[in-house]
Amino acid sequence: MRKNAWGMTRGGLFCCGLMAAGMALQLAVGPLRWDALAWPLNGVCLFVLLTGIVLMHLCRRKVRLFRWMATLQAGIPAMLTCAMLTVLMGVTRQVPTGHAPAEPFGITAMLSFWPFVLAYFWLMLLVGMVTLTRLRPRWRNVPFLLNHLGIFIALVAGTLGSADVQTLRMMVAEGKTEWRAVDVRYRVHELPVAIELHDFSIEQEPMPVFKSDVTVYTKNGLVVRDTIRVNKPLAVRGWKIYQYSYEESRPEVGDISVFELVRDPWLPYVYLGIFMMLAGAVALFFGREKDDSQQAEGFDKGHNVSSPVLAHNSQERSELTSDSNSILTSKT
Amino acid sequence: MQMISWNDLWLFALISLLLWVAASWLSLRGGSRKAVCLLAIGGLTVFGSYIGLMWHSLGHPPLRTMGETRLWYSFFLPLVGLITYSRWHYRWVLSFSTMLSTVFICINLLKPEIHDKALMPALQSPWFAPHVIVYMFAYATTGVATLLALWQLCRKQDQLAAIDNLTRVGLSFLTVGMLFGALWAKEAWGNYWTWDPKETWAAATWLCYLIYIHWRRCRPAAVRPALLWLLLCFVCLQMCWWGINYLPSAQGMSAHTYS
């Protein structure tokens, strides 16, 4: 019991240190600027993160810290830290995205608050580490991997990819073709897609619905003829084109239809993670919890597909035990 | 067919409650499981048909006001109670679920002002019903798990296997509900997670239940802290469910306020 308690205490201390470091960083450089993390910087970050996790995993027999990072004793304090910061976020009034925090510490812009970001980063690091310890093609590992790899992929792709989301507005007059669009700061972008507006109309049944009859051209020669309505976007080459609004007919140009073009290149990975987690949740629902002795027995028979949650197999368990023992002997 | 309304709730509720009370009483007395299950199913059928008829007369699933959500809660609590009973044969579990269900039915009967409110257009989505039903299941299973945890803390009776199981099932529902919400949000608002107060509390609640499940693996002998933590998880869930409606920091911030 005591050796477990020590492992958990270390996890708690680690998180406290992380919070202190995050606070120092916050006071030194101010809130994290997510928009600075656009491609290719986020690609570099992803590469460093994945390489780091794999290297730490490979060195785990030599470095006790890395071995410990894949244990529950490290994971539970990390989850607790994230939960506490999330509750803190829940009880403070947050400023809109992109605004400066309303107080000197930065907790009203929690998503850019360094301790918050570092806590979730640490948790994802641990999830990545523990995923690798179970990355073997066995049936009993499937639910575990769906849950852990799923949240890892969804969260990493979602956060690193957030700076790459492009939301642009394009105004096209009837009979014209347009390939330029403006972003939220009214900067003009030339796009690899062009929209030709044949006709804009408003249907009156039962509620007014705008619709645009368009042809979309892409740089590599794709031509799509379709109708775009409110809530019925058109997807072309990674762009989603929404009917956004329109401008009243003017004598010299006719109707002008306004489209919103959204590109989120990391979205397929976020969806992959989400669907893995959904499958993992189904496995969690049908899986039967057993106590550890029964589980080990089931594992040896090789037909037990239960325990989708953190169940370290016997090898990892013995690693953990020897790890904790060595901590105990070295410290006492 | 005559349209059904909130005015007919008392009749259906009375019949269902009588059947559920009979089932609870019989199971407390140690009567035959088959008879208990049949009575409980009878109650569920009556209450379920009220929800079905309401669905029919409203023309959409009754999931859009606080009153309508409480209908589902009154329905799912006895259902989860019945599932728990038929799997683990706890004699008292139906009494608990019936009692809770009664509370929600009484709220609906005594506070008619929560019944009918205008609905937001964004809620008119095929994702809406699964999202809320799954969350209702999550609330109900974790609710029963919390009651069992309280029971064990006060009466020192070992209910741990059932608590763990219900929490695991509840967590799987929470996960599915949260992810359905994310997929729906992407469809409707173009963003799968905007950290509005409801989502923030949903994330916190999810993390808290994750901690319980991992803690049970890590320190299986430390039961009391686990059970106390489970009570805290449920407080968090209440915050997520209705608490944020009264939270000053969340006023006017949430896309989820439909009450």
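One numbering rule holds for all chains: residues counted from 1, following each sequence as written. Ligands are numbered from 1 and chains lettered from A, in the order in which they are written. With the structure being a predicted model, the display of local features is reserved for residues of pLDDT at least 70 and the display and counting of side-chain atom pairs for 80 or more, all residues being used for whole-chain, interface and lining totals. The side-chain numbers reported here are obtained from all heavy atoms of the structure, hydrogens and water having been left aside.

## Concerning the overall build of chain B
Turning to step 1, where the next piece is worked out: Helices and strands together make up the secondary structure of chain B, namely eight helices and zero strands.
Turning to step 2, where the next piece is worked out: Put simply, DSSP marks the helices as runs of H or I at least four residues long and the strands as runs of E at least two long, and each gets a number from the N terminus on. What you see in chain B, going N to C, is helices and strands ordered as α-α-α-α-α-α-α-α.
Turning to step 3, where the next piece is worked out: Atoms considered for the radius of gyration are the C-alpha atoms alone. The globule rule reads 2.2 Å times the number of residues to the power 0.38. Here chain B has a C-alpha radius of gyration of 19 Å; the compact-globule value for 259 residues is 18 Å, and the two agree.
Turning to step 4, where the next piece is worked out: The principal-axis extent of the C-alpha atoms belonging to chain B is close to 50 × 50 × 30 Å.
Turning to step 5, where the next piece is worked out: Here chain B holds 259 residues, and the buried ones make up 60% of them.
Turning to step 6, where the next piece is worked out: Each accessible area is a Shrake-Rupley result for a 1.4 Å probe, and residues are judged covered by the shown protein chains and nothing else. Looking at chain B as shown, the accessible area adds up to about 10900 Å², and 68% of this sits on carbon and sulfur atoms.
Turning to step 7, where the next piece is worked out: For the charge count, each Lys or Arg is scored as positive and each Asp or Glu as negative, with His and the chain ends excluded. A charge is said to be at NZ when it belongs to Lys, at CZ for Arg, at CG for Asp and at CD for Glu. Across chain B, 18 positive and 9 negative side-chain charges occur, with their mean positions spaced 16 Å apart. Only protein chains enter the accessibility calculation, which uses a 1.4 Å probe. A residue is then buried if its area is under 20% of the maximum for its type, exposed if over 50%, and partly exposed in between.

## As for the nonpolar core
Turning to step 1, where the next piece is worked out: As used in this record, nonpolar core signifies buried Ala, Val, Leu, Ile, Met, Phe, Trp, Tyr and Cys residues forming a set joined through side-chain atoms within 4.5 Å. With 145 residues, the main nonpolar core has Met69 and Trp122 of chain A together with Phe47 of chain B as its most contacted residues.
Turning to step 2, where the next piece is worked out: Examining the composition of this core, we find that 15 residues originate from one element, helix α5 (residues 114-133) of chain A, more than from any other.
Turning to step 3, where the next piece is worked out: Residue ranges assigned to the domains are those given by an automatic or database domain assignment. Two domains each provide a minimum of three residues to this core, namely domain 1 (1-118) and domain 2 (120-251) of chain B.
Turning to step 4, where the next piece is worked out: The residues contacting Trp122 of chain A, other than those within four sequence positions of it, are Phe14, Cys15, Leu18, Trp68, Met69 and Ala78 of chain A.
Turning to step 5, where the next piece is worked out: Of all hydrophobic cores here, the second largest spans 18 residues; its members include Leu168, Leu191, Leu197 and Phe200 of chain A. Pairs of residues are marked as contacts when any of their non-hydrogen atoms sit within 4.5 Å.

## Re the interface of chain B and chain A
In many reports, interface size means the accessible area that the parts give up when they come together.
Turning to step 1, where the next piece is worked out: Taken residue by residue, the interface counts 39 residues in chain B and 48 residues in chain A.
Turning to step 2, where the next piece is worked out: Simply put, the buried area is the total loss of 1.4 Å probe accessible area from both parts when two parts are fitted together. Roughly 3900 Å² is buried in total at the junction of chain B and chain A, and carbon and sulfur atoms are behind 73% of that figure.
Turning to step 3, where the next piece is worked out: When a carboxyl oxygen of Asp or Glu is within 4 Å of a side-chain nitrogen of Lys or Arg, the pair counts as a salt bridge. In this assembly, chain B and chain A are joined by one salt bridge.
Turning to step 4, where the next piece is worked out: Measuring nitrogen to oxygen at the nearest pair gives 3.8 Å for the salt bridge that ties Asp264 of chain A to Lys186 of chain B.
Turning to step 5, where the next piece is worked out: Two N or O atoms count as a polar contact when they lie within 3.5 Å, although within protein this holds only if one can serve as hydrogen donor and the other as acceptor, and sequence-adjacent residues are included solely when both atoms are side-chain atoms. At the junction of chain B with chain A, the criterion picks out three residue pairs in polar contact (both at pLDDT 80 or more).
Turning to step 6, where the next piece is worked out: Looking at the side of chain B that touches chain A, the elements with two or more residues in it are α6 (160-189), α7 (197-218) and α8 (223-241) of chain B.
Turning to step 7, where the next piece is worked out: A per-class count over the side of chain B that touches chain A returns 28 nonpolar, six polar and five charged. In the scheme used here, Gly and all other residues not listed as nonpolar or charged are polar, with Ala, Val, Leu, Ile, Met, Phe, Trp, Tyr, Cys and Pro taken as nonpolar and Asp, Glu, Lys and Arg as charged.

## A few points about the domain arrangement of chain B
All names here are of chain B.
Turning to step 1, where the next piece is worked out: Splitting chain B by domain gives domain 1 (1-118) and domain 2 (120-251).
Turning to step 2, where the next piece is worked out: A straight line from the C-alpha centre of domain 1 to that of domain 2 covers 22 Å.
Turning to step 3, where the next piece is worked out: Across the contact, 21 residues belong to domain 1 and 22 residues belong to domain 2.
Turning to step 4, where the next piece is worked out: Counting the surface lost from both domain 1 and domain 2, the interface buries some 2100 Å², and carbon and sulfur atoms represent 82% of this.
Turning to step 5, where the next piece is worked out: Joining domain 1 to domain 2, the criterion identifies zero salt bridges.
Turning to step 6, where the next piece is worked out: Across the contact surface, domain 1 and domain 2 share zero residue pairs in polar contact (both at pLDDT 80 or more).
Turning to step 7, where the next piece is worked out: The leading source of residues in the side of domain 1 that touches domain 2 is helix α3 (residues 66-88), at 11 residues.

## Looking at the packing of aromatic side chains
Any two aromatic rings considered together are summarised by their centre-to-centre distance and by the angle between their planes.
Turning to step 1, where the next piece is worked out: Ring pairs are drawn from Phe, Tyr and Trp, using the six-membered ring of Trp, whenever the two centres fall within 6.5 Å, and their geometry is named by plane angle: stacked under 30 degrees, edge-to-face over 60, tilted for the rest. A complete count under the given rule lists 24 aromatic pairs over all chains for this structure.
Turning to step 2, where the next piece is worked out: Pairing Tyr135 of chain B with Tyr139 of chain B gives two aromatic rings, centres 5.8 Å apart and planes at 40 degrees, and the pair type is tilted. You can see Tyr135 of chain B and its partner Tyr139 of chain B sitting in helix α5 (residues 128-155), four residues apart, about one turn around the helix. Summarising the burial analysis for this pair, Tyr135 of chain B and Tyr139 of chain B share the class buried.
Turning to step 3, where the next piece is worked out: Every member of this aromatic cluster is reached through a ring pair, and the members are Tyr73, Phe104, Tyr135, Tyr139 and Trp241 of chain B.
Turning to step 4, where the next piece is worked out: The ring of Trp68 of chain A has Arg10 of chain A lying over it, and the distance from NZ or CZ to the ring centre is 4.6 Å. When the NZ atom of lysine or the CZ atom of arginine is within 6 Å of a ring's centre and also within 35 degrees of its normal, the charge is said to sit over that ring.

## Digging into helix α2 (residues 33-58) of chain B
All names here are of chain B.
Turning to step 1, where the next piece is worked out: Over its 26 residues, α2 runs 37 Å from end to end, which matches the ideal 38 Å to within 8%, given 1.5 Å per residue.
Turning to step 2, where the next piece is worked out: Within the sequence span of α2, burial applies to Val36, Cys37, Ala40, Gly43, Leu44, Val46, Phe47, Tyr50, Ile51 and Met54.
Turning to step 3, where the next piece is worked out: Two residues or fewer after α2 comes Gly59, characterised by a positive phi angle close to 85 degrees. To estimate the expected span of a helix, count its residues, drop one, and scale the result by 1.5 Å.

## Topic: the pairing of strand β3 (residues 188-203) of chain A
Residue and element names in this part refer to chain A.
Turning to step 1, where the next piece is worked out: Two strands pair under a simple rule: DSSP has to find at least two bridges between them. For strand β2 (residues 177-182) and β3, the ladder comprises five bridges, and the chain directions are antiparallel. Among the inter-strand pairings, Ala181 is bridged to a residue of β3, identified as His189.
Turning to step 2, where the next piece is worked out: Of the pairings in the sheet, the one linking β3 to strand β4 (residues 209-218) comprises 10 bridges and is antiparallel in character. Residue pairing across strands places Leu197 opposite Val214, the latter belonging to β4.

## Observations regarding the packing of helix α4 (residues 72-91) of chain A against α5 of chain A
Residue and element names in this part refer to chain A.
Turning to step 1, where the next piece is worked out: Running from N to C, α4 and α5 cross one another at 150 degrees; their axes reach a closest spacing of 9 Å. Looking at the two axes, α4 sits roughly antiparallel to α5. Relative to α5, the crossing made by α4 is left-handed. Side by side, α4 and α5 meet where Ala74, Gly75, Ala78, Met79, Thr81, Cys82, Leu85, Thr86 and Met89 of the first sit next to Pro115, Phe116, Ala119, Tyr120, Trp122, Leu123 and Leu126 of the second.
Turning to step 2, where the next piece is worked out: Each residue belonging to the contact of α4 with α5 can be placed in one class, and the counts come to 13 nonpolar, three polar and no charged. Fitted lines through C-alpha atoms give the axes, limited to the stretch in contact for helices. The angle between two N-to-C directions lies from 0 to 180 degrees. An angle below 35 degrees is treated as roughly parallel, one above 145 as roughly antiparallel, one from 65 to 115 as roughly perpendicular, and anything else as oblique. Crossings are sorted by hand: turned counterclockwise from the far helix by less than a right angle, the near helix makes the crossing left-handed, and turned clockwise it makes it right-handed.

## Side note on unusual backbone geometry
Turning to step 1, where the next piece is worked out: A cis geometry characterises the amide bond from Trp39 of chain A onward to Pro40 of chain A, with omega recorded as 10 degrees.
Turning to step 2, where the next piece is worked out: With respect to the helices and strands, Pro40 of chain A occurs in the loop between α1 (2-29) and α2 (41-58).
Turning to step 3, where the next piece is worked out: Backbone geometry at Arg237 of chain A places phi at a positive 50 degrees, although glycine is not the residue there.
Turning to step 4, where the next piece is worked out: With respect to the element layout, Arg237 of chain A can be found in the loop between β6 (234-236) and β7 (239-250).
Turning to step 5, where the next piece is worked out: For Arg237 of chain A, a relative accessible area of 54% gives the class exposed.
Turning to step 6, where the next piece is worked out: A positive phi is found at Lys156 of chain B, a non-glycine position, where the angle reads about 60 degrees.
Turning to step 7, where the next piece is worked out: Structurally, the position occupied by Lys156 of chain B is in the loop between α5 and α6.
Turning to step 8, where the next piece is worked out: The class for Lys156 of chain B is exposed, based on a relative accessible area of 63%.

## Points about the pairing of strand β8 (residues 254-263) of chain A
Regular strands show a simple pattern: their side chains alternate between the two faces of the sheet.
Residues and elements named next belong to chain A.
Turning to step 1, where the next piece is worked out: Across the 10 residues that make up β8, a large majority, nine, are buried.
Turning to step 2, where the next piece is worked out: By the bridge criterion, eight bridges tie strand β1 (residues 166-173) to β8 in an arrangement that is antiparallel. Pairing of Met170 across the sheet is with Phe259, part of β8.

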